[in-house]
Amino acid sequence: MARPLLSLEPCASNAPVGSSCSSGLSRSRARGAEPFFLDPFDTSVFGYLSTVGNVTISWSDVDVDDEQGSGSALLVNTRSDAASGPVNRVLDCFPVEAGTAYTAGASILIPGGQDRTGVAQVFVSWYASGACSNVTLLSYGRSFEIRDAGSWERSEEPLTAPLGALGARVGMTLFKNEAFGTLSAHFDDLLFAPEPAGSALGTAAALALAALRHRRGRRAGPR
Ligand SMILES: [Ca+2]
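Residues numbered from 1 in each chain as written. Predicted model: local features only at pLDDT ≥ 70, side-chain atom pairs only at ≥ 80, totals over all residues.

Chemist: Break down the overall build of the chain for me, with residues and values.
Modeler: Across its full length, the chain holds one helix and 14 strands. Scored against the burial criterion, the 223 residues of the chain give a buried share of 40%. (Helix = DSSP H or I, 4+ residues; strand = E, 2+ residues; numbered from the N terminus. Buried ≥ 20, exposed ≤ 12 C-beta atoms within 10 Å, placed from the backbone.)

Chemist: Just give me the short version of the nonpolar core, but keep the residues and values in it.
Modeler: Residues Leu 75 and Phe 192 are the most contacted members of the largest nonpolar core, which totals 44 residues. Secondary structure elements with two or more residues in this core: β3 (37-39), β6 (72-77), β9 (101-109), β10 (118-127), β13 (167-176) and β14 (183-194). It is β14 that provides the largest number of residues to this core, a total of seven residues. (Core = buried A, V, L, I, M, F, W, Y, C linked by C-beta atoms within 7 Å.)

Chemist: Hey, could you go over the pairing of β13 for me, with residue numbers and the actual values?
Modeler: Along β13, ten of the ten residues are buried, which leaves the element largely enclosed by surrounding structure. Of the two faces of β13, the one carrying Gly 167, Arg 169, Gly 171, Thr 173 and Phe 175 and the one carrying Ala 168, Val 170, Met 172, Leu 174 and Lys 176 are both buried. Looking at chain direction, strand β7 (residues 87-89) and β13 are connected through two bridges and run antiparallel. When the sheet's bridge partners are listed, Val 87 is paired in β13 with Met 172. Both β10 and β13 contribute to a ladder of ten bridges, which runs antiparallel. Residue pairing across strands places Val 122 opposite Met 172, the latter belonging to β13. (Pairing = 2+ DSSP bridges.)

Chemist: With reference to specific residues and values, describe the environment of Ser 72.
Modeler: In this structure, Ser 72 sits in strand β6. Owing to 27 C-beta atoms within 10 Å, Ser 72 belongs among the buried residues under this scheme. The spatial distance from the C-alpha of Ser 72 to the C-alpha of Leu 190 is 9.4 Å, given a sequence separation of 118 residues. The residues contacting Ser 72, other than those within four sequence positions of it, are Phe 41, Ser 60, Val 62, Asp 63, Val 64, His 186, Phe 187 and Asp 188. (Contact = placed C-beta atoms within 7 Å.)

Chemist: Requested: an account of unusual backbone geometry, with residues and values cited.
Modeler: If you check the backbone angles, Cys 132 has positive phi at about 55° while not being a glycine. You can see Cys 132 is positioned in the loop between β10 and β11 (137-146). One non-glycine residue with positive phi stands out, namely Asp 189, at about 50°. Examined against the element boundaries, Asp 189 turns out to sit in strand β14.

Chemist: Talk me through the confidence of the model for the chain; I want residue IDs and the actual numbers.
Modeler: Reading predicted coordinates in detail is not appropriate for stretches of low pLDDT. The predicted model of the chain averages 79 in pLDDT, with 72% of residues at 70 or higher. Predicted confidence for residues 1-33 stays below pLDDT 50, and this span has 54 contacts to residues more than four positions away or in other chains. (pLDDT = per-residue confidence, 0-100.)

Chemist: An account of the pairing of β9 is needed here, citing residue identities and associated values.
Modeler: For β9, the tally of buried residues reaches eight of nine residues, placing the bulk of the element in the interior. Bridge count between β9 and β14: seven bridges; the pairing is antiparallel. Residue pairing across strands places Ile 108 opposite Phe 187, the latter belonging to β14.

Chemist: Provide a residue-level description of the environment of Ala 179, including the pertinent values.
Modeler: Mapping Ala 179 onto the fold places it in the loop between β13 and β14. Ala 179 gets classed as exposed once you count the C-beta atoms within 10 Å, which come to 11. It is 8.0 Å that separates the C-alpha atoms of Ala 179 and Ala 83, two residues lying 96 residues apart in sequence. Each residue touching Ala 179, except ones within four places of it in the same chain, is listed here: Ser 80, Asp 81 and Ala 82.

So, in structure tokens, the structure goes:
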């Protein structure tokens, strides 16, 4: 049965490369644990909350790899003004260290043929508390932007936790350039992970995606 979240368990010392485990990376919130998160949106969008009523999130069976048994998060913006509305993953507050770089990313599809244009983004909210209380919100750290409609795009960018940051939330947002009308976008494989300095794609992100592909290969079986 598909799981809504990919949770990497700590590796055994003899675990083979590509195992669905991770050396020290987990979703544990224990003090000192590294933040790690990857959501393939297999069955639901449980844990996400839109900040405004006219930007909605729902689960869609459209998957970045056309995989049976997985889907994506569908954001729909029907605002009357040219604006966005963040959809945050409120279930998790990831422990972070100020001055440390983290990777945020997702695969995004803005379906073609829409009568509105816009920008789909992954972003990180930094908080001055490990509980991500709104009164301690420090700033938003933007990740990448997808502006082109019609095909899946994936990008990941390192973001540095600002001074005073203790917790972080990952979210998605869909900015609509024009007033009224409707704009929608799919998000898949949403990622938030530690980013070792100097690497184009961090070890954590590489591990996470390798584990996800390994899992998919196992589930899909021989083609
Ligand atoms: Ca998926």
